[in-house]
Structure formats: C-alpha cells, structure tokens
Amino acid sequence: MIEGPYFVLVVLSALACGLVAGAFVAFSTFVMQGLAALPPAQGIAAMQSINVKALTAGFMTVFMGAAGLSAVVAVVTFVLWPDGGTVELLLGSALYLFGSFGVTIAANVPRNDALAKLDAQAPQSADHWRTYVREWTMWNHIRVGASLAASASFTLALT
C-alpha cells in the first residue's frame, strides 16, 4: 500500500494530470472549433494571443508541475519498488512525460512557434491556419488521452 509522503505525491500527480487533461480537452472540444469558425485572420490573431498567455504562471505551474511530479513518481517508484501499484505508477509517469509533455514539445510547440511568425492579415496565412488547426488539434487529442490516462493510472495505483 502506498502511504505517507509517497501517497501525497501520487495524489498530487493524479490531480495535476487531470487538470492538464481538462485544459487540453477544452481546446479539443470547443476552443479550436470556435477559433476555426472565425475568419482566418481573427483565428490566427486569437490563437497567437492564447499561445502567449498560456506561458504565464497559472497554466505553466500545472503543466510543468505535472511533469515534475510524474518524473519524481517514476524515480521514487524505481527506488522503492512498492508491492502494489508499480506498473500503474510507471505507466502513469510515462504516459504524462511522453504522451503529454513530450508531444507538446515535439508537436504542438513547433506549430505554435510557426504560427507566431505569421502575419495574421496576409492572404497566404489562411492556408497555413487551416493546416495548423487540423494538425494542432490532432496532436492535442493525443495529449488529452495521455494526460487523462496518466491521471487514471496514478489513481488506480492508490487502490
């Protein structure tokens, strides 16, 4: 049974991953659809602004905190190798670190960086915008699933 500070660490990891999954699911289910429904110049400008605001302390504390917690859970699990929940703890850590954090770094951030360089008013930006919305949202769906599955894995480890 997981107990003491290790228990608190796993609970915080489950909660942080769940919060990140919630933020990502909002984007996948209505934010990106709403932005895509706008004229391209407006959608681009709005997403450029969202991407800047996403880097502020509120979201980054939860997003990076979940990564840090997941990494610590993995290390502590390897060191302690508990009698129960080991697979779930390692799976939860891997799901968040690779499926959420890793996908963000490898897929979503490069798209955001390219979007930041666009002139929202330029006619050729409209084609890039449509591709961006489709690809960014597809990768975001993966982040939703990975974050939610990580949260579930951490929770299952506690049972």
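Here, every reference points to the structure presented above.
Residues numbered from 1 in each chain as written. Predicted model: local features only at pLDDT ≥ 70, side-chain atom pairs only at ≥ 80, totals over all residues. Heavy atoms only, no water.

Details of a nonpolar patch on the surface
On the surface, Phe-7, Val-8, Leu-12 and Leu-15 cluster together into a nonpolar patch covering about 350 Å² of accessible area. Relative to the helices and strands, Leu-12 resides in helix H1 (residues 4-37). Residue Leu-12 is classed as partly exposed on the basis of its relative accessible area of 43%. (Patch = residues over 30% accessible without salt bridge, like charges linked within 9 Å, V, L, I, M, F, W, Y side chains within 5 Å. Areas by Shrake-Rupley, 256 points an atom, 1.4 Å probe, with all protein chains shown as cover. Salt bridge = Lys/Arg side-chain N within 4 Å of Asp/Glu carboxyl O. Helix = DSSP H or I, 4+ residues; strand = E, 2+ residues; numbered from the N terminus. Buried < 20%, exposed > 50% of the residue type's maximum accessible area, 1.4 Å probe, protein only.)

Quick notes on the side chain of Ser-100
Take Ser-100: it is sitting in helix H4 (residues 86-116). Setting aside chain neighbours within four positions, we find Ser-100 in contact with Val-20, Phe-24, Phe-63, Leu-95, Arg-143, Ala-146 and Ser-147. (Contact = heavy atoms within 4.5 Å.)

Description of the environment of Gln-121
Summarising the element assignment, Gln-121 is placed in the loop between H4 and helix H5 (125-157). For Gln-121, a relative accessible area of 63% gives the class exposed. Each C-alpha atom, one on Gln-121 and one on Ala-41, is 5.3 Å from the other, the two residues being 80 residues apart in sequence.

Points about the environment of Ala-74
With respect to the helices and strands, Ala-74 occurs in helix H3 (residues 57-80). Sequence separation between Ala-74 and Ala-120 is 46 residues, and the spatial gap between their C-alpha atoms is 42 Å. In this structure, Ala-74 is in contact with Leu-90 and Ser-93, ignoring residues within four places of it in sequence.

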